[in-house]
Amino acid sequence: MNGSRIAAVGHYQPAKVLTNEDLAGLVDTSDEWITSRVGIRTRHIAGPDEPVDELAAHAAAKALAAAGLAPGDIDLVLVATSTAVDRSPNMAARVAARLGIPSPAAMDVNVVCAGFTHALATADHAVRAGASTRALVIGADKMSDVTDWSDRTTCVLVGDGAGAAVVEAAEETGIGPVLWGSVPEMGHAVRIEGTPARFAQEGQSVYRWATTQLPPIARKACERAGLAPEELAGVVLHQANLRIIEPLAEKIGAVNAVVARDVAESGNTSAASIPLAFSKLVEQGAISTGDPVLLFGFGGNLSYAGQVVRCP
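Notes on the structure follow. Being a predicted model, the structure only gives us computed values, none of them experimental. (Residues numbered from 1 in each chain as written. Predicted model: local features only at pLDDT ≥ 70, side-chain atom pairs only at ≥ 80, totals over all residues. Heavy atoms only, no water.)

### Here we look at the nonpolar core
Applicable threshold: In plain words, nonpolar cores are sets of buried Ala, Val, Leu, Ile, Met, Phe, Trp, Tyr and Cys residues tied together by side-chain atoms within 4.5 Å. Working definition: with a 1.4 Å probe on protein chains only, accessible area under 20% of the residue-type maximum means buried, over 50% means exposed, and in between means partly exposed. Numbering of helices and strands runs from the N terminus; a helix is a DSSP stretch of H or I covering at least four residues, while a strand is a stretch of E covering at least two. Throughout, a residue-residue contact means that at least one pair of heavy atoms, one from each residue, lies within 4.5 Å.
Judged by nonpolar contacts, the single largest core of 48 residues is most densely connected at Trp-209, Leu-214, Leu-232, Leu-237, Leu-294, Phe-296 and Phe-298. By residue number, the principal contributor to this core is helix H9 (residues 242–252), which donates six residues. Every residue in contact with Leu-214, bar those within four places of it in the chain, is listed here: Trp-209, Leu-248, Phe-296, Phe-298 and Tyr-304. Counting 31 residues, the second-largest nonpolar core is a separate cluster that includes Val-109, Val-111, Leu-120 and Val-236.

Structure follows, in structure tokens:
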């Protein structure tokens, strides 16, 4: 075995749905204002008794079931999140405890909206190096915990949820080489900081960076996988805003691909957004087993990470 692949995926969202009309009762906004600017219609919001690790565990359990695996088959748990409340135990250890995974390596990865693709690359490297046999990679965030619900520029964007993937050794490469990096001097453009921690961003700066600087980087991720963008069957970008997703997808040149637009019903779920949207496309049959799909995360720290994967 000299490669790795995604064996299965799963996702989870809280039951509570917050509509644009609901938000119009909280702040000075409207359905038309929100949909015209960010393309979001609804988002799922977790309750006070639904912590991040619970969201993550639900998604992970679905991925394990889809792969036909038991908790004992997993030896590495990676959770991408930026909304963990406690420093220790970390989210990965808590998820492992919830699922009954015995003695795994358990690590959190905090690269905000690009967290899942960073964690997926880390799992791929660990499996190909022989340090792991099967890894559980999860993106989970409870953005409602770090949102100022009186700020209409940010509260209309966010949602809660989780997505997960099982990564295992394979004879052929099912996860392409990662292309990752950051613009640390512009880290102030997306922030979750302060006491209590609050999400804030410089929307126009992020928009310009995402739509002008990221397309050639995403195309290079395709090149590293040995594919032209027009050969992609699917494109799953970080679900930040339809006004970013649509021009970015167009500039990548993936003219034959299904483009994930889950942001419309889920909002920006940060590290959860890519695995959540990817799992939905798989569940809906919008992409088929073996199809090449570009996963590309970007955002906080002005970090990015992308790779082409084969659909499970």
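### Observations concerning the packing of aromatic side chains
Between two aromatic rings, the relevant description is the distance of the centres plus the angle of the planes. Going by this rule: Ring pairs are drawn from Phe, Tyr and Trp, using the six-membered ring of Trp, whenever the two centres fall within 6.5 Å, and their geometry is named by plane angle: stacked under 30 degrees, edge-to-face over 60, tilted for the rest. Whether a charge sits over a ring depends on NZ of Lys or CZ of Arg being within 6 Å of the ring centre and within 35 degrees of the ring normal.
Summed over the entire model, instances satisfying the criterion amount to two aromatic pairs. Centre to centre, the rings of Trp-209 and Phe-298 are 6.5 Å apart; their planes meet at 70°, and the pair counts as edge-to-face. Pair noted here: Trp-209 is in helix H7 (residues 203–212) and Phe-298 is in strand E13 (residues 292–299), with a separation of 89 residues, a long-range link. Residues Phe-296 and Phe-298 carry aromatic rings whose centres are separated by 6.4 Å and whose planes lie at 40° to one another, so their mutual orientation is tilted. Residue Phe-296 shares its accessibility class with Phe-298, and that shared class is buried. Three or more aromatic residues joined by ring pairs make a cluster, and in this case those are Trp-209, Phe-296 and Phe-298. Sitting over the face of the ring of Tyr-207, Arg-243 holds its NZ or CZ atom 5.2 Å from the ring centroid.

### Topic: the state of the cysteines
Heads up, the condition is: Working definition: a disulfide is two cysteine sulfur atoms within 2.5 Å of each other.
Enumeration according to the criterion identifies zero disulfides in this entry. Of the cysteine sulfurs around Cys-155, a residue in no disulfide, the closest is that of Cys-113, at 17 Å. Look at Cys-155 and you get buried, because its relative accessible area is 0%.

### Let's talk about the pattern of salt bridges
We apply this condition: Between Lys or Arg on one side and Asp or Glu on the other, a salt bridge is scored when a side-chain nitrogen of the former is within 4 Å of a carboxyl oxygen of the latter.
Across all of its chains, the model carries twelve salt bridges by this definition. For Glu-168, the salt bridge goes to Arg-5, with nearest N and O atoms at 2.6 Å. Taken together, the residues span a long stretch of sequence, with Glu-168 in strand E7 (residues 160–170) and Arg-5 in strand E1 (residues 3–12) at a distance of 163 residues. Overall, the relative accessible area of 36% leaves Arg-5 in the partly exposed class. Arg-191 serves as the salt-bridge partner of Glu-202, at 3.9 Å between the closest nitrogen and oxygen. Of this pair, Glu-202 sits in the loop between strand E10 (198–201) and H7 while Arg-191 sits in strand E9 (residues 190–193), placing them eleven residues apart in sequence. We classify Glu-202 as partly exposed; its relative accessible area is 31%. Where salt bridges share partners, they join Arg-5, Arg-134 and Glu-168 into one cluster.

### What to know about the packing of helix H8 (residues 214–224) against H9
Worth spelling out the cut-off: Angles here are taken between N-to-C directions and fall from 0 to 180 degrees, while the axes themselves are lines fitted to C-alpha atoms, restricted in helices to the stretch in contact. For classification, angles of less than 35 degrees are called roughly parallel, those exceeding 145 degrees roughly antiparallel, those between 65 and 115 degrees roughly perpendicular, and all remaining angles oblique. Note on convention: near helix rotated counterclockwise from far helix by under a right angle means a left-handed crossing. Clockwise means right-handed. Residues are grouped as follows: nonpolar covers Ala, Val, Leu, Ile, Met, Phe, Trp, Tyr, Cys and Pro; charged covers Asp, Glu, Lys and Arg; every other residue, Gly included, is treated as polar.
Where H8 meets H9, the closest approach of the two axes is 9 Å, and the angle between their N-to-C directions is 50°. Classified by the angle between their axes, H8 and H9 sit oblique to one another. The two elements H8 and H9 meet at a crossing, and its hand is right-handed. Across from Leu-214, Pro-215, Ala-218 and Arg-219 in H8, the residues of H9 making contact are Leu-248, Lys-251 and Ile-252. Here the contact of H8 with H9 is composed, by residue class, of five nonpolar, no polar and two charged.

### Let's talk about H9
Selection criterion: Contacts described as polar in this section are N or O atom pairs within 3.5 Å, which, within protein, must combine one atom able to donate a hydrogen with one able to accept it, while residues neighboring in sequence count only if both atoms come from side chains.
Considered for burial, the residues of H9 that qualify are Leu-242, Ile-244, Ile-245, Pro-247, Leu-248, Ala-249 and Ile-252. One side-chain oxygen at the N-terminal end of H9 lies 2.7 Å from the backbone nitrogen of Arg-243; it belongs to Asn-241. Backbone geometry just downstream of H9 places Gly-253 in the positive-phi region, at approximately 95°.

### Details of the sheet that holds strand E11 (residues 234–237)
Our working rule: Paired strands are those between which DSSP finds at least two bridges.
One open sheet accounts for five strands, arranged E8-E14-E13-E11-E12; its pairing is mixed. The open sheet terminates on both sides in strands that have one partner only, identified here as strand E8 (179–182) and strand E12 (258–259). Direction of pairing for E8 relative to strand E14 (residues 303–310): antiparallel, over a ladder of four bridges. Across the sheet, residue Ser-182 finds its bridge partner in E14, namely Ser-303.

### Looking at helix H4 (residues 91–99)
An α-helical turn contains 3.6 residues, so a residue and the one three or four places further along point in the same direction. Which entries qualify depends on this criterion: Directions from the helix axis toward the C-beta atoms define the arc.
For H4, the set of buried residues is Met-91, Ala-92, Val-95, Ala-96 and Leu-99. For H4, the buried positions fall inside an angular range of 135° around the axis, keeping them on one side. Those residues of H4 hidden inside the fold are in contact with helix H3 (52–67), strand E4 (76–80), strand E5 (105–109) and strand E6 (134–142). Just past H4, the residue Gly-100 takes up positive phi, approximately 75°.

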